[in-house]
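Here is what each chain is made of, one letter per residue.
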Amino acid sequence: MISTIIDILNSIVVSAFKINNWKRPPKKKIIIYDRARTKIIEKYLDKKNYLIFDNRFKNNYTINFNIIFKMLVNLNFSLKNYKTIFIDTVSPNFIISMIDYNYGFYRMKKQHPKIIFILIQFAWRRDITDYIIPEKEKNTPTKILNELDYFLVFNEALKKKLRGIIKAKYLDFGSFTSNSFKIKKIKNKKYKYLLIGQNTELDLSKKMTEGLKWKDYLSKDYEFAKNLALYIKSKGHKLYILGKSYNHSQAVNFYNELIGKKNFIYLPRKGYSYNYLDESEHVFGTTSTMLYEAASRGNKVGIFSIKSKMKKFTNTKFGWPVRVQNRGQFWTNNGSYKEIDRIFNYLTNISNDEWQKIVRSKFNKILKYDMDNSKFKKFSKKINLPIKK
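Residue indices follow the written sequence of each chain, beginning from 1 at its first position. Note on the predicted model: pLDDT of at least 70 is required for a residue's local features to be given, and 80 or more for side-chain atom pairs to be given and counted; whole-chain, interface and lining totals, by contrast, use all residues. As a rule here, side-chain values cover all heavy atoms of the structure and leave hydrogens and water aside.

Novice: Which residues make up the overall build of the protein chain, and what are the values?
Specialist: Helix and strand content of the protein chain: 15 helices and 12 strands. Atoms considered for the radius of gyration are the C-alpha atoms alone. The globule rule reads 2.2 Å times the number of residues to the power 0.38. On C-alpha atoms alone, the protein chain measures out to a radius of gyration of 23 Å, which is about the 21 Å that the 2.2 N^0.38 rule sets for 389 residues. Over its C-alpha atoms, taken along the principal directions, the protein chain stretches across nearly 70 × 45 × 45 Å. Relative accessibility under 20% of the residue-type maximum defines a buried residue, over 50% an exposed one, and the middle range a partly exposed one, all with a 1.4 Å probe and only protein chains included. Looking at the protein chain as a whole, 52% of its 389 residues qualify as buried. Residues are treated as being in contact if the distance between any of their heavy atoms lies within 4.5 Å. Sequence-distant contacts in the protein chain: of pairs separated by 6 or more residues, those separated by 24 or more amount to 65%. Each accessible area value is a Shrake-Rupley result obtained with a 1.4 Å probe; residue values ignore everything except the protein chains displayed when judging cover. Carbon and sulfur atoms form 53% of the exposed surface of the protein chain, whose accessible area is close to 20000 Å². In this tally Asp and Glu are treated as negative and Lys and Arg as positive; neither His nor the chain ends contributes. By convention, the point assigned to a charge is CZ for Arg, NZ for Lys, CD for Glu and CG for Asp. A distance of 3 Å separates the average location of the 76 positive side-chain charges in the protein chain from that of its 32 negative side-chain charges. Under the DSSP-based scheme used, a helix requires at least four consecutive residues in state H or I and a strand at least two consecutive residues in state E, with every element numbered from the N terminus.

Novice: Can you explain helix α14 (residues 352-363)? Please cite residues and give values.
Specialist: Among all positions of α14, only Trp355, Ile358, Val359 and Phe363 are buried. Buried residues of α14, seen end-on, are gathered within an arc of 100 degrees and therefore sit on one face of the element. Residues of α14 that are exposed and point more than 90 degrees away from the buried face comprise Asp353, Arg360 and Ser361. Directions from the helix axis toward the C-beta atoms define the arc.

Novice: Before we move on, can you summarise the sheet that holds strand β4 (residues 116-120) with the specific residues and values?
Specialist: The strand order across the open sheet formed by 6 strands is β2-β1-β3-β4-β5-β6, and the pairing between neighbours is parallel. For this open sheet the edge positions go to β2 (50-53) and β6 (166-172), each flanked by a neighbour on one side alone. Averaged over all neighbouring strand pairs, the angle between strand axes comes to 25 degrees, with direction disregarded. The rule for pairing is simple: two strands pair if DSSP sees at least two bridges between them. Strand direction decides the pairing type here: strand β3 (residues 94-97) and β4, joined by 4 bridges, are parallel. Counted as the bridge partner of Ile96 is Ile118 from β4. Running at roughly 175 degrees to β2, helix α4 (residues 79-90) makes contact with β1 (30-33), β2 and β3 of the sheet. Here, axes are lines fitted to C-alpha atoms. For helices the fit covers the stretch in contact, and angles between N-to-C directions go from 0 to 180 degrees.

Novice: Any details on the pattern of salt bridges? Residues and values, ideally.
Specialist: A pair is scored as a salt bridge if a Lys or Arg side-chain nitrogen falls within 4 Å of a carboxyl oxygen belonging to Asp or Glu. This model, assessed by the stated rule, comprises 13 salt bridges. Here Lys357 ties to Glu354 by a salt bridge, and the two come within 3.5 Å at their closest N and O atoms. Highlighted residues: Lys357 and Glu354, both in helix α14, separated by 3 residues, approximately one helical turn. Among the residues examined, Glu354 registers a relative accessible area of 39% and is labelled partly exposed. Each of the salt bridges in this network shares a partner with another, and the network as a whole consists of Arg327, Glu339 and Arg342.

Novice: Describe the packing of helix α9 (residues 214-234) against helix α10 (residues 248-259), with residues and values.
Specialist: Taken N-terminus to C-terminus, the directions of α9 and α10 make an angle of 65 degrees; their axes are 10 Å apart at the nearest point. Comparing the axis directions of α9 and α10 gives the class roughly perpendicular. As α9 runs across α10, the sense of the crossing is right-handed. Seen from α9, the contacting residues are Tyr222, Ala225, Lys226 and Ala229; seen from α10, they are Phe254, Leu258 and Ile259. Under the scheme applied, nonpolar residues are Ala, Val, Leu, Ile, Met, Phe, Trp, Tyr, Cys and Pro; charged residues are Asp, Glu, Lys and Arg; polar residues are all the others, including Gly. Among the residues making up the contact of α9 with α10, the classes are represented as 6 nonpolar, no polar and 1 charged. Any angle between 65 and 115 degrees counts as roughly perpendicular, while under 35 counts as roughly parallel, over 145 as roughly antiparallel, and the rest as oblique. For a crossing to be left-handed, the near helix must be turned anticlockwise from the far one by less than a right angle; the clockwise case is right-handed.

Novice: Can you tell me about the sheet that holds strand β10 (residues 280-285), naming the residues and giving the values?
Specialist: Each strand in a sheet pairs with another by means of backbone hydrogen bonds, the pair being arranged parallel or else antiparallel. Read from one edge to the other, the open sheet built from 6 strands follows the order β9-β8-β7-β10-β11-β12, with strand pairing classed as parallel. Each edge of the open sheet carries a strand with a single partner, namely β9 (264-267) and β12 (331-332). Bridge analysis of strand β7 (residues 191-196) against strand β8 (residues 239-242) gives 3 bridges, and the strand direction is parallel. Across the sheet, the residue bridging to Ile196 is Leu242, located in β8. Contacts from α10 reach β8 and β9 within the one sheet, and its direction differs from that of β9 by about 160 degrees.

Printed below as a string of structure tokens:
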């Protein structure tokens, strides 16, 4: 609580020294809701057409005092009221966001029925209902309170899964983020075997929303990383590990203890890191959006859904919610040495041409790459959303 108050005060003080924050927000055709991940959406929009609404307390240096004065008039100092006045002042035709886990965004349509709300899925979630349905509404019979105009999702199966809790027109456009990065055609790849790492900064003693400790949830991932690294070593190579944490020195120390200093090479994640995928021959992992994106971008991928055997995490199974077998040519729900060997041999022996056929036949229904979001561009024209030409 105290840290939140400090964050708010810091944001207010810094914002006060910026002259534009005292002016009335200009009218714009588009509001991008939440500053997080705006760079992806901004690639497709002209600066003159949009404004960013910063929805967070921490490091928010765009607090508008013209809006705050209006809040003083009606004596309502809630974030919801600030948001309402901001939107009414800017008077946009569209509000777009890539923050798919904030239920507040799903509740704005009823208050602003003339505005077109567009949400773009950013990541695979363990269970999206944990993020968009308030605790007090869970397990109670209620009408659908979450509403959007359009929800851009990864695939058709997710549309069927979500439409019971979010009213919207669903469009399966794949991963908007990955689509926005062109695939680099590299003949001689830099990284032969790459593992997409898990978070190493978490307090493992803390509990997840599902009630399980993070230690119990991630222990299988860490065990798999160790087994894969030692297997790759037995083949005369070193495993590259693409970090997920931003504290790189801490992550290196973590893997040194887990695997051994000489048994891996750590790659610090920078930005969206798709360059690492395009420069890799084979990519391995357990539960990761980037792992699916790697397959859709043409990488040979080995997927080990080892947590899906746990009762509360069946939704981490490969392909979920698309129904597939537990075990296939390049995927499994078992992280044993035998399964690592089976999938490794399959990936290293199959030709690139054959692999692409496999991706088209077995993976496109899970996630299909759409270069430079061509489907989104066509959709934008259809609804008169102003984008760059």
